[in-house]
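So the chains spell out like this:
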Amino acid sequence: MDHAALDLQRGAIAVLDPDGNVTWADDEWAAGDSENALTRVPIGGNLLQAFRAQDDPIARAVANAIVAIFEGRATYFEIEHRASPESPRSILTSIAALRGNGAGAGAAVIHRVVSGHPPATRRPQDVRTPSGEPIGDAMARLTPREREVLEFMATGLDNRAIAAKLSIQYSTVRGHVRAVIEKLGARSRLEAVARAYQRGLVTP
Amino acid sequence: MTLVQFGKGDQQLTAPFHIALIHYGEDELRQGVFSFLEPALNDPNQGIYLCGPEGEASRFLDTLAVSAGRDVREDVTERRIILGHGDADADQQLQNLLDPLRELCARGFSPVRVVGPAAWGVMGYAAPEDFLWYESRVLPSIEDLDAVAVMCTYDAARLPARALVYGALETHTHTIIDGVLSESPSFMPADRYLKMRLVHLPWLEPVEETAR
């Protein structure tokens, strides 16, 4: 599992590992307490269906997030406090309840539910993409047009404004922005800009 | 330029504007939003756009209808009241906001009042840093729509402090706290916000790998 891909905000975090498991981590784990704070959830169709069927927006959001990970639209997701600071706990409780309702033997394994303090930060020393590729190398894989779009993104422009600047279609700009985000291994528009900015590759 | 009155007291601002209602829980939300929208609910010349995570606008409209004591479905059918939703792509979310506002303005509604809740780390919504970028782009994006009044709602009972500080205080020119409208001394124009805040957000900064 790529631990470096974990974000560091407070709340529940889930990461898809190479074996196809979603690993839940909480603040205590992220703070470096122990592997015991990990909760491994092998994903199966029954689990997803059960999540979706629940009258619980958080459970449905989790299901959507898991699908997004499998479809490659996300590498991890996090859930911050929503209804209450107990949200991460309630999610894991939901998983446990699913097991009890026969949602699928072995579909979910709950080791432990822990709440804790905001995690300590841990990120690679150099700016790298989640795959471990240095950001400079990732930048080199951008096409000239994608690089141009990134430079406009770094000035804060939205896609429609970028399309006007470059005299190209809005949908084309959207495609370029998605490619930039993906190639830089970022999870968001701003993270792509920040990564490039941190290396002095663009100037906001 | 359009002077926009608020429902209670003599509070008013000149549109276009982008303000944050900082509330604690659902009751304060209802009171604050109803106070802002009440003049438009009862005036067929005014437009309303409600947005937020999927289903949120519809749910909120039901609450408003109860507060207003009348059925508002016809207003929705006639698109005097438009319901929208956010998007995981912050740019798309911005377009989702601007398209109906341009439509309402083009049809002559004035003012056009907008209410949308801040969503932080919610699936189906933009990542927090992109949400902040979206917030910072709202005001420059509506500067040519002089009848538009945007209110974003921030629930202090649910959102982390960084959402309130970076979002509510730094991307809105004014805030309403406990019903009182005041200028936000922390507001930063979009360009400055990008350079001073967005690219330096703590969770986007590289830090040293620590041994476990």
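Residues numbered from 1 in each chain as written. Chains lettered and ligands numbered in written order. Predicted model: local features only at pLDDT ≥ 70, side-chain atom pairs only at ≥ 80, totals over all residues. Heavy atoms only, no water.

Visitor: Looking at this structure, how should I read the packing of aromatic side chains?
Guide: What describes a pair of aromatic rings is the distance from one ring centre to the other and the angle between the planes of the rings. Under the counting rule described, the total for this entry stands at five aromatic pairs over all chains. Where Trp120(B) meets Trp203(B), the ring centres are 5.8 Å apart and the plane angle is 85°; that geometry is what we call edge-to-face. Of this pair, Trp120(B) sits in the loop between strand E6 (112–117) and helix H5 (128–141) while Trp203(B) sits in the segment after helix H7 (190–196), and the two are 83 residues apart along the sequence. One exposure class covers both Trp120(B) and Trp203(B), and it is buried. Aromatic pair Tyr125(B) and Phe131(B): ring centres 6.3 Å apart, planes at 45°, arrangement tilted. As far as the burial class goes, Tyr125(B) and Phe131(B) line up, both buried. Ring pairing ties together the aromatic residues Tyr125(B), Phe131(B), Tyr134(B) and Tyr154(B), which thus form one cluster. The cationic tip of Arg189(A) hangs over the ring face of Trp133(B); the distance from NZ or CZ to the ring centre is 4.4 Å. Lying over the aromatic face of Phe36(B), Arg113(B) brings its terminal NZ or CZ to 5.5 Å of the ring centre. (Phe/Tyr/Trp six-rings, centres within 6.5 Å; stacked < 30°, edge-to-face > 60°. Helix = DSSP H or I, 4+ residues; strand = E, 2+ residues; numbered from the N terminus. Buried < 20%, exposed > 50% of the residue type's maximum accessible area, 1.4 Å probe, protein only. Lys NZ or Arg CZ within 6 Å of the ring centre and 35° of its normal.)

Visitor: Sorry if this is basic, but what is going on with the nonpolar core here?
Guide: Among the nonpolar cores identified, the biggest contains 45 residues, and Leu101(B) and Tyr154(B) are the most heavily contacted of them. Those elements giving two or more residues to this core turn out to be helix H9 (189–198) of chain A together with strand E3 (17–23), helix H4 (90–106), E6, H5, strand E7 (148–155), helix H6 (161–169) and H7 of chain B. Counting residues per element, this core draws most heavily on H4(B), at six residues. Counting 28 residues, the second largest nonpolar core, distinct from the first, contains Leu61(B), Val72(B), Val115(B) and Met151(B). (Core = buried A, V, L, I, M, F, W, Y, C linked by side-chain atoms within 4.5 Å.)

Visitor: How should unusual backbone geometry be read in this particular structure?
Guide: Residues and elements named next belong to chain B. The amide bond that connects Ala 15 to the next residue, Pro 16, takes the cis arrangement and shows omega of 0°. As for its placement among the helices and strands, Pro 16 is situated in the loop between strand E2 (12–15) and E3. Phi angles above zero are rare outside glycine, and Arg 79 is one such case at about 60°. As for its position among the elements, Arg 79 is in the loop between helix H3 (73–77) and strand E5 (81–83). Residue Arg 79 is classed as partly exposed on the basis of its relative accessible area, which comes to 36%. Positive phi, close to 50°, is recorded for Asp 178, a residue that is not glycine. Its location among the elements puts Asp 178 in the loop between strand E8 (174–177) and strand E9 (180–183).

Visitor: Would you mind showing me how to read the pairing of strand E1 (residues 2–5) of chain B here?
Guide: Residues in a regular strand project their side chains so that they alternate between the two faces of the sheet. Residues and elements named next belong to chain B. Covered by surrounding structure in E1 are Thr 2 and Val 4 only, the residues Leu 3 and Gln 5 on the alternate face being uncovered. In this sheet, E2 lies alongside E1 in antiparallel orientation, the contact comprising four bridges. Across the sheet, the residue bridging to Val 4 is Leu 13, located in E2. (Pairing = 2+ DSSP bridges.)

Visitor: I keep staring at the environment of Ile22(B) and nothing clicks. Help me out?
Guide: Residue and element names in this part refer to chain B. Within the secondary structure layout, Ile 22 lies in strand E3. Separated by 146 residues in the primary sequence, Ile 22 and Ala 168 have C-alpha atoms spaced 7.4 Å apart. Leave out the neighbours within four places in its chain, and Ile 22 touches Glu 28, Tyr 154, Ala 156, Ala 168, Leu 169, Thr 175, Ile 176, Ile 177 and Asp 178. (Contact = heavy atoms within 4.5 Å.)

Visitor: It is not clear to me how the packing of helix H6 (residues 144–153) of chain A against helix H7 (residues 159–166) of chain A should be interpreted in this structure. Could you clarify?
Guide: The geometry of a pair of packed helices is captured by two quantities: the angle between their axes and the separation between those axes. Residue and element names in this part refer to chain A. Closest axis-to-axis distance for the H6/H7 pair is 10 Å, and the angle between their directions is 125°. Between H6 and H7, the angle falls in the class oblique. Once H6 is placed against H7, the crossing between them reads as right-handed. On H7, the residues that touch Arg 145, Glu 148, Val 149, Phe 152 and Met 153 of H6 are Ile 162, Lys 165 and Leu 166. Here the contact of H6 with H7 is built from residues that sort into five nonpolar, no polar and three charged. (Axes fitted to C-alpha atoms, helices over the stretch in contact; angles between N-to-C directions. Parallel < 35°, antiparallel > 145°, perpendicular 65-115°, else oblique. Left-handed = near helix turned anticlockwise from the far one by under 90°. Nonpolar A, V, L, I, M, F, W, Y, C, P; charged D, E, K, R; others polar.)

Visitor: Sorry, what's going on with H5(B) here?
Guide: Because an α-helix packs 3.6 residues into every turn, residues spaced three or four apart end up facing the same way. Residues and elements named next belong to chain B. Between its first and last C-alpha atoms H5 spans 20 Å; for 14 residues at 1.5 Å apiece the expected length is 20 Å, and the two agree. Counted residue by residue, H5 has 12 buried out of 14 residues, so it is predominantly covered. By the burial criterion, the buried members of H5 are Pro 128, Glu 129, Asp 130, Phe 131, Leu 132, Trp 133, Tyr 134, Glu 135, Ser 136, Arg 137, Val 138 and Ser 141. (Expected span 1.5 Å × (residues − 1).)

Visitor: When you look at the pattern of salt bridges in this model, what are you seeing that I'm missing?
Guide: One side chain can pair with another of opposite charge once the charged atoms of both are near each other. Going through the model one piece at a time under the given rule, you end up with 15 salt bridges over all chains. Close ionic contact of Arg195(A) with Glu191(A) constitutes a salt bridge, the shortest N to O distance being 2.8 Å. Of this pair, Arg195(A) and Glu191(A) are both found in helix H9, four residues apart, which corresponds to roughly one turn of the helix. Note on accessibility: Arg195(A) and Glu191(A) belong to one class, buried. Of the charged contacts in the structure, one is a salt bridge between Arg30(B) and Asp27(B), with a shortest N-O distance of 2.4 Å. With Arg30(B) and Asp27(B) both in helix H1 (residues 25–41) and three residues apart, this pair spans about one turn of that helix. Arg30(B) gets classed as partly exposed once you look at its relative accessible area, which sits at 30%. A single salt-bridge network, built from bridges that share partners, covers Arg70(B), Asp75(B) and Arg80(B). (Salt bridge = Lys/Arg side-chain N within 4 Å of Asp/Glu carboxyl O.)

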